[in-house]
Amino acid sequence: MSDKPLSDLVKQGWEIVDYSVGTDSSGTQTHCFVVRRQAQHKVLTVRKKMLGEGVVSSEMEV
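Keep in mind it's a predicted model, so treat the numbers as computed, not measured.

### Some remarks on unusual backbone geometry
Okay, so step 1: One non-glycine residue, Gln38, lies in positive phi territory at about 55 degrees.
Okay, so step 2: By the element assignment, Gln38 lies in the loop between strand S2 (29-37) and strand S3 (40-48).

### Looking at the pattern of salt bridges
Okay, so step 1: Summed over the entire model, instances satisfying the criterion amount to three salt bridges.
Okay, so step 2: We note a salt bridge from Arg36 to Glu15, for which the minimum N-O separation is 3.2 Å. Placement of the pair is Arg36 in strand S2 and Glu15 in strand S1 (residues 15-23), with a sequence separation of 21 residues.
Okay, so step 3: Taking the relative accessible area as the measure of exposure, Arg36 reaches 30% and is therefore partly exposed.
Okay, so step 4: For Glu15, a relative accessible area of 42% puts it in the partly exposed group.
Okay, so step 5: Across the pair Lys42 and Glu59 runs a salt bridge, and its minimum N-O distance is 2.9 Å. In this pair, Lys42 is assigned in strand S3 and Glu59 in strand S4 (residues 55-61), connecting sequence segments 17 residues apart.
Okay, so step 6: Of the residues examined, Lys42 reaches a relative accessible area of 11% and is grouped as buried.

Definitions and limits used
- Here the residue index of a chain counts from 1 through its sequence in written order.
- In keeping with the model being predicted, local features are shown solely for residues with a pLDDT of at least 70 and side-chain atom pairs are shown and tallied solely at 80 or more, while totals for entire chains, interfaces and linings include all residues.
- Side-chain calculation: all heavy atoms of the structure are included, whereas hydrogens and water are not.
- A run of DSSP states H or I qualifies as a helix once it reaches four residues; a run of E qualifies as a strand once it reaches two. Both are numbered from the N-terminal end.
- What counts as a salt bridge is simple: a side-chain nitrogen of Lys or Arg found within 4 Å of a carboxyl oxygen of Asp or Glu.
- A simple rule labels every residue: compare its accessible area, found with a 1.4 Å probe on the protein chains alone, to the largest value its type can have, and call it buried under 20%, exposed over 50%, or partly exposed in between.

The values are spatial; any link to function lies outside them.
Shown next, in the form of C-alpha cells:
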C-alpha cells in the first residue's frame with residue numbers, strides 16, 4: 001500500500017471534489033476525500049497508523 005494514496009489517485013486522473021476531517025473513537029484524526037473521475041465517485045479515508053510509520057487508507061465506491 002502506498003503512503004500517498006491521494007497523490008496516487010490524482011495521478012490516475014481523479015479530481016478532489018470535497019474534503020473533511022474528524023476524529024474517530026480513539027482520538028485519531030481521519031481525513032475523508034470525495035474524488036471524481038468522469039461519472040464515477042469514490043470516498044477515500046486516510047489516517048495515520050496506530051503503530052509504526054505510514055498511513056492506513058480505504059476506498060469506497062459511491
